[in-house]
Amino acid sequence: MNILADLKTNTTNSFVSLFKNRGYGNISDSDLWDKGFLTNSIVYSVINNISSKVASLPYELTNSDEVTDETDAYNELFFNNWNSDYGHEEGMRLTAVNLLTFGVAFIQKKGDGLIPDELFVLPNQCLNRESSLIGFYENPRYYDFYDGAKSYRIPTEDLIIIRLPYDLKRKSIKEGLSPLQPVWDTVIASNNRAEAEKSLFENRGAIGIISPKTNKDGGRIPDTIFSVLQDKLKSLIGGADKANKVIQAQVPLDFTQIGMSANDLKLIESEKMHVRRIAGVYQYPSQLVGDTDASQYANYAEALKSAYRDVILPTADLILNEFQRSFFNKINPLLAKDYEIIYNKSNIVSLNEHWSEKLNKMPVGIATKVIETLTPEEVEQIKFEIGLRYE
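Parameters at a glance
- Residues numbered from 1 in each chain as written.
- Predicted model: local features only at pLDDT ≥ 70, side-chain atom pairs only at ≥ 80, totals over all residues.
- Heavy atoms only, no water.
- Helix = DSSP H or I, 4+ residues; strand = E, 2+ residues; numbered from the N terminus.
- Expected span 1.5 Å × (residues − 1).
- Buried < 20%, exposed > 50% of the residue type's maximum accessible area, 1.4 Å probe, protein only.
- Polar contact = N/O pair within 3.5 Å; in protein donor to acceptor, adjacent residues only side chain to side chain.
- Pairing = 2+ DSSP bridges.
- Axes fitted to C-alpha atoms, helices over the stretch in contact; angles between N-to-C directions.
- Contact = heavy atoms within 4.5 Å.
- Core = buried A, V, L, I, M, F, W, Y, C linked by side-chain atoms within 4.5 Å.
- Patch = residues over 30% accessible without salt bridge, like charges linked within 9 Å, V, L, I, M, F, W, Y side chains within 5 Å.
- Areas by Shrake-Rupley, 256 points an atom, 1.4 Å probe, with all protein chains shown as cover.
- Salt bridge = Lys/Arg side-chain N within 4 Å of Asp/Glu carboxyl O.
- Lys, Arg positive; Asp, Glu negative; His and termini not counted.
- Charge placed at Lys NZ, Arg CZ, Asp CG, Glu CD.
- pLDDT = per-residue confidence, 0-100.
- Parallel < 35°, antiparallel > 145°, perpendicular 65-115°, else oblique.
- Nonpolar A, V, L, I, M, F, W, Y, C, P; charged D, E, K, R; others polar.

Visitor: Got a minute to help me understand helix α3 (residues 41–55) in this structure?
Guide: Helical geometry: 3.6 residues make up each α-helical turn, so side chains three or four residues apart lie on a common side. In a regular helix each residue adds 1.5 Å, so 15 residues correspond to 21 Å; α3 covers 21 Å between its end C-alpha atoms and thus fits that length. By the criterion of burial, α3 is predominantly enclosed, with eleven of the 15 residues buried. Along α3, the residues classified as buried are Ile42, Val43, Val46, Ile47, Asn48, Asn49, Ile50, Ser51, Lys53, Val54 and Ala55. The N-capping residue of α3, defined by a side-chain oxygen 2.9 Å from the backbone nitrogen of Ile42, is Asn40.

Visitor: Please explain the sheet that holds strand β8 (residues 159–163) as it appears in this structure.
Guide: Pairing between sheet strands relies on hydrogen bonds along the backbone, with the strands arranged either parallel or antiparallel. Read across the sheet, three strands follow the order β4-β3-β8 without closing on themselves; strand pairing throughout is antiparallel. If you trace the sheet from one side to the other, it starts and ends with β4 (118–122) and β8, each paired once. Taking the axes of each pair of neighbouring strands and ignoring which way they run, one obtains an average angle of 20° across the sheet. Bridge count between strand β3 (residues 104–110) and β4: five bridges; the pairing is antiparallel. Opposite Lys110, over in β4, you have Glu118 as the bridge partner. Sitting on the sheet, helix α5 (residues 88–102) touches β3, β4 and β8, and the angle it makes with β3 is about 145°.

Visitor: How should the nonpolar core be read in this particular structure?
Guide: Most often, soluble globular proteins keep nonpolar side chains buried together rather than apart. Counting residues in hydrophobic clusters, the biggest one holds 71 residues, and the most contacted among them are Tyr59 and Phe323. Broken down by element, this core gets its largest block of residues, 14 residues, from helix α11 (residues 297–335). Apart from the residues lying within four places of it in its own chain, the contact partners of Tyr59 are Val54, Phe78, Phe79, His88, Met92, Ala316, Leu320, Ile341, Ile342 and Tyr343.

Visitor: Mind showing me how you'd approach a negative patch on the surface here?
Guide: Together, Asp65, Glu66, Asp338 and Glu340 line one region of the surface with negative charge. Turning to its location among the elements, Asp65 is positioned in the loop between β1 (59–63) and β2 (66–67).

Visitor: In this structure, what is going on with the confidence of the model for the chain? I would like to understand it.
Guide: A low pLDDT score tells you not to read the predicted coordinates there in detail. For the chain, per-residue confidence averages 79 on the pLDDT scale, and residues scoring 70 or more make up 68% of the total. Throughout residues 15–23 the model reports pLDDT below 50, and contacts reaching past four residues in sequence, or to other chains, amount to six contacts.

Visitor: Is there a simple way to think about the pattern of salt bridges in this case?
Guide: Note that side chains of opposite charge can pair when their charged atoms are close. Using the criterion set out here, one finds six salt bridges in the structure. With its nearest N and O atoms 2.8 Å apart, the salt bridge here joins Asp144 to Arg153. Owing to a relative accessible area of 26%, Asp144 belongs among the partly exposed residues under this scheme. Put simply, Glu271 and Arg193 hold a salt bridge, and the shortest N to O gap is 3.8 Å. Taken together, the positions of Glu271 in helix α10 (residues 271–281) and Arg193 in helix α6 (residues 184–202) put the pair 78 residues apart, joining distant regions of the chain. Exposure remark for Glu271: the relative accessible area of 31% places this residue in the partly exposed category.

Visitor: Is there a simple way to think about the packing of helix α2 (residues 29–37) against α5 in this case?
Guide: Packed helix pairs are specified by the crossing angle of their axes together with the interaxial distance, meaning the distance between the axes. Where α2 meets α5, the axes come as close as 10 Å, and the angle between the chain directions of the two elements is 105°. Relative to α5, the element α2 lies roughly perpendicular. Between α2, through Asp29, Leu32, Trp33 and Phe37, and α5, the contact on the second element is made entirely by Val97, Asn98, Thr101 and Phe102. Its residues assigned to classes, the contact of α2 with α5 comprises five nonpolar, two polar and one charged.

Structure representation (structure tokens):
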């Protein structure tokens, strides 16, 4: 294909790849981490929002529906023994970050016996599964982990592997399909837009260039005149009251604008579309990650509820279900126990209606009766919460 010839004869707006055709292969783990999570502010914001909320859910370890406490060895393991000195919030957050970035997360059960010494969330970029070709009906026997100093061979049975749905045809090549896969072009475009925006602002030191119209005096403005122009220009910059003021010069001059053009501004505004596309693949409301056009106080609470229903709780469920299948379901029969990790929805503030919302939905007569049953102290508290009284 002769690209230059096509561009000369083509009269329509076209986008031509100068490097290679668009590929449909899996994005590498290093690119997902370096160009996605670490570099792209939108990707980081979305994943960080979801993972932090997944980590902060009110988890409980139960045994036969009874909540355990810190005296239980498995309670101590889950809540306090992650990655040497992490608690469960850090561990669950790391797990969710890896899952949402790579489409797969690995938790190592480190130690011998029925009670591991600790749980380790492993960095995907440092893991390689067994090198031999894996058949469709087979699973790898081990994974090789390199921490930068040593290599370790970890049997698959020592791992809790959480996966998002992935391309089964490519099972023998790579497991886990990153949610960023279908919007990777948008991620790269967003990185390029951020780089272009950075360049625009770095080169915004001067608003324009004043130059002589003729080559008289060697094509330069005499120092005495330039000094006067500079002083006048300083006096006219800044403040709406100085708009449309002009400078009178003693020589004919040209002025070249080097500020932002309309196209430059459109480039900056394209960020909102990138936010919506990237948030969309996670089913995460864009107004929660900086989409100011879609964000209003009235719809923020509903968007947060939607985020919990559609993304946060399903992500937590996926992690907990695999934790149960790969760990507790194997030890429960041996211990004659019924361990299970759950979260208490009634303690998730964002999912529960405030008392004022419930009161507003009641018929007026019933709401009045409810209010009549309140103590004076409760009435005062209500007044304080709705802003009728201040402490």
